[in-house]
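Residues per chain are reported as follows:
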Amino acid sequence: MSAVGIDAIEIWTGKLELDLPNTFAPAKNEDPEKYTKGLGLQTSSFPDTYEDIVTMGANAAKRLMDRKDLMPDDIGRIDVATESAFDNSKPVSTYIAGCLERVHDGDFHHANKGERKFACVSGTQSIDDAYNWIRAGRHRGRSALVIATDTALYARGDPGEATQGAGAVAMLISEDPSLVELSNEQGYGSADETDFLKPNQQFPSVDGKRSMQVYLARMREAVEDFESVAWDMQPEDFAYIPFHTPFPGMVRKAGLLGYRHTIRDTEVEDELAEQIGRQPREAEYDDWEAYEEAIRAYMDQLKDTDEYLDWYDRVIEPTLDISRRVGNWYTGSVHVARASALKHALETDRSLAGEKLLIGSYGSGAQAEIHAETVQDGWREEIEALSIDEQLERRYDISYEEYEKVHDAHNHDMDREVEEFTQPEGEFVHAGWGRMNERK
Ligand code: CAA
């Protein structure tokens, strides 16, 4: 069978922006550098009061269908990944399909629709489902539409408020993809965790510090599991490593973990041994805690080596450019990180076809997935077609008082009369729960 992977992507950002160091930090009486240096964020995207997960997802998908000249008949499956769903029965994909049917000839009666839930990792899981569906030969020549859409908002006063964001990523999964080919190489790390929960509530209950430890623990398990299928991995095997990015500071920690694993049993580890010794091996220790302590001490030295810093600048840093400007998009976040990396390659005129990416997805609750992808010949045209810079530039910069109003409106109170800050421009807008979203 021919290659299967991501053929095209489109990104839709919430149309408002909150300036974290200049607007949010002063209002919270905090040092702006906590945001810029600590968390690594400059601005977050917010949905205007007429935007929600349906409108953002439908707008991203419409743009993708228009650009690729697709009709509903070309799509056999629509999966939406979200952790901001408002309906426990009807999947968000049906709302989005309803929007798309109103602007395209034909309908999606033939398409299988679903909603995937496992916190932020469900965007990647939906891609896996689409890949398996095509590989199983059930697609009858059709493609799958995967839409990751979220309003990642936290209660006011919660530490998570610093890391909010909103937007959607639409991805077309097909045979002979133009962007990246997916492979069978995957690794998982999963455990029952309660660090981030949303049981029938709009804003999450989060143990923020613990959530960071859980992210790293599951990611480490996933990398170790991945090593069992990609045992001869070398640090230069991957052009970029996009990780789930709740905020760039989290990826600084994940990047070091990735590097430690990719250099294990390689010449790089041998060369570094002269400076900082070899990595501790589990078999050398009787007791797990002593082994963990030795790993921590090794990583502490590794993070300051020129070899690591140079690798981080080339392989990880470019994945964070968009995230710094949009905050956390939950299910879309790792796909924004991939887009950011490919955009960086385009802007630096890098030749990328045939090179590999290693994708580190993560969802609270908790599960990490590591998988490899190969960049395809058509990647340049696909990334050139993205309008993310224009979208980001056009966002309306809200004051702190306006932020409070928007935040209240999105607390499942969107049917209240609330001020709009931007004008819809030929896009789907929220028309009230249970009613069809309109196009204005
Ligand atoms: N100058 C420079 N750096 C500063 C600083 C300053 N003036 N002030 C603080 N910092 C640094 C801190 O040292 C810290 O960095 P390190 O972690 O490297 O030490 C960083 O800025 C953040 O500061 P705090 O730890 O004081 O921030 P906080 O306690 O207010 O909260 C948070 C941080 C726990 C991440 C919180 O924002 C949160 O709960 N976020 C939501 C949960 C989350 O995103 N978890 C991530 C893993 S789970 C996941 O990935 C799933 C998901 O999408 C939610």
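Structure shown above.
The residue count restarts for each chain, going from 1 along the sequence in the order it is written. Local features in this predicted model are restricted to residues of pLDDT 70 or higher, and side-chain atom pairs are both shown and tallied only at a pLDDT of 80 or more, whereas totals for entire chains, interfaces and linings draw on every residue.

### Some remarks on the overall build of the chain
Point 1. When helices and strands are counted, the chain shows 15 helices and 16 strands.
Point 2. Only C-alpha atoms enter the radius of gyration; for comparison, a globular chain is expected to reach 2.2 Å times N to the power 0.38, where N is the number of residues. For the chain, the C-alpha radius of gyration of 21 Å lies close to 22 Å, the compact-globule estimate for 440 residues.
Point 3. With the principal axes as the frame, the chain shows a C-alpha extent of 65 × 60 × 40 Å.
Point 4. What counts as a contact is two residues whose backbone-derived C-beta atoms lie within 7 Å of each other. Restricting the contact set of the chain to residue pairs at least 6 apart, pairs at least 24 apart contribute 77%. We count a stretch as a helix when DSSP gives it H or I for four or more residues in a row; a strand needs E for two or more, and each element gets its number in order from the N terminus.

### Topic: the nonpolar core
Point 1. Core analysis: the largest hydrophobic core is formed by 115 residues, its most contacted members being Ala60, Ala61, Ile96, Val146, Ile147, Ala170 and Ile173.
Point 2. Top element by residues in this core is helix α3 (residues 53-67). It accounts for eight residues.
Point 3. Not counting residues up to four positions away in its chain, the partners in contact with Val146 are Asp79, Ala81, Ser126, Ile127, Ala130, Met171 and Ile173. To form a nonpolar core, buried Ala, Val, Leu, Ile, Met, Phe, Trp, Tyr and Cys residues must be joined through C-beta atoms within 7 Å. Think of it as a crowd count around each C-beta: if 20 or more other C-beta atoms lie within 10 Å the residue is buried, if 12 or fewer it is exposed, and in between it is partly exposed, with C-beta placed from the backbone throughout.

### Observations concerning the site of the ligand
Point 1. The immediate surroundings of the ligand are formed by 26 residues, with Lys34, Gly38, Gly160, Gly208 and Pro246 found nearest.
Point 2. Put simply, the parts of the chain that give the shell around the ligand at least two residues each are α2 (32-39), α6 (208-227) and α7 (248-263).
Point 3. Along the lines of polarity and charge, the residues of the shell around the ligand split into 12 nonpolar, nine polar and five charged. Nearness here is judged by the C-beta atom: place it from the backbone, and if it falls within 6 Å of a molecule or strand, the residue counts as near that partner. Each residue receives one of three labels: charged for Asp, Glu, Lys and Arg, nonpolar for Ala, Val, Leu, Ile, Met, Phe, Trp, Tyr, Cys and Pro, and polar for the others, Gly being one of them.

### Comments concerning the packing of α3 against helix α4 (residues 92-101)
Point 1. The contact between α3 and α4 brings their axes to 9 Å, and the two run at 50 degrees. Classified by the interaxial angle, the pair formed by α3 and α4 is oblique. As for the relative orientation of α3 and α4, their crossing is right-handed in sense. From α3, Ile53, Val54, Gly57, Ala58, Ala61, Lys62 and Met65 reach across to α4, where they touch Val92, Tyr95, Ile96, Cys99 and Leu100.
Point 2. Here the residues of the contact of α3 with α4 are counted per class, giving 10 nonpolar, one polar and one charged. What counts as an axis is a line fitted to C-alpha atoms, over the stretch in contact for a helix, and the angles between N-to-C directions run from 0 to 180 degrees. The cut-offs work like this: below 35 degrees is roughly parallel, past 145 is roughly antiparallel, 65 to 115 is roughly perpendicular, and the gaps in between are oblique. Left-handed describes a crossing whose near helix is turned anticlockwise from the far helix by less than a right angle; the clockwise case is right-handed.

### Examining the sheet that holds strand β5 (residues 112-116)
Point 1. We call two strands paired when DSSP finds no fewer than two bridges between them. On the basis of which strands lie adjacent, the open sheet formed by nine strands has the order β5-β4-β6-β7-β1-β8-β13-β12-β11 and mixed pairing. Here the strands that pair on one side only, and so sit at the sheet edges, are β5 and β11 (238-240). Neighbour to neighbour, the strand axes of the sheet diverge by 30 degrees on average, direction disregarded.
Point 2. Inspection of the sheet shows strand β1 (residues 4-13) paired to strand β7 (residues 165-175) by nine bridges, in the antiparallel sense. Bridging from a neighbouring strand, Trp12 pairs with Ala168 of β7.

### Some points on the environment of Val406
Point 1. Mapped onto the secondary structure, Val406 falls in helix α15 (residues 400-409).
Point 2. You can call Val406 buried: it has 24 C-beta atoms within 10 Å.
Point 3. Each C-alpha atom, one on Val406 and one on Phe46, is 8.2 Å from the other, the two residues being 360 residues apart in sequence.
Point 4. Those residues in contact with Val406, other than ones at most four positions away along the chain, are Leu16, Phe46, Thr49 and Ile398.

### Let's talk about the packing of helix α1 (residues 20-27) against α2
Point 1. Look at α1 against α2: their axes get within 7 Å of each other, and the N-to-C directions meet at 125 degrees. Taken as axis vectors, α1 and α2 run oblique relative to one another. Residues Leu20, Pro21, Asn22 and Ala25 of α1 form the contact with α2, whose own contacting residues are Pro32, Lys34, Tyr35 and Thr36.
Point 2. Taken together, the residues of the contact of α1 with α2 sort by class into five nonpolar, two polar and one charged.

### Quick look at the sheet that holds strand β3 (residues 43-46)
Point 1. Spatial strand order, β3-β2-β14: three strands in an open sheet with mixed pairing. Edge positions in the sheet fall to β3 and β14 (396-397), since each has one partner strand and no second.
Point 2. Examined bridge by bridge, strand β2 (residues 16-19) and β3 share four bridges and lie antiparallel to one another. Bridged to Asp19 within β3 is Thr43.
Point 3. Each of β2 and β3 touches α1; the most contacted strand, β2, lies at about 65 degrees to it.

### Overview of the pairing of strand β13 (residues 367-375)
Along any regular strand the residues' side chains alternate between the sheet's two faces.
Point 1. Of all the nine residues making up β13, eight are buried; the element is thus mostly covered by neighbouring parts of the structure.
Point 2. In the sheet, strand β12 (residues 356-363) pairs with β13 via eight bridges, with the strands oriented antiparallel. Bridging from a neighbouring strand, Leu357 pairs with Glu373 of β13.

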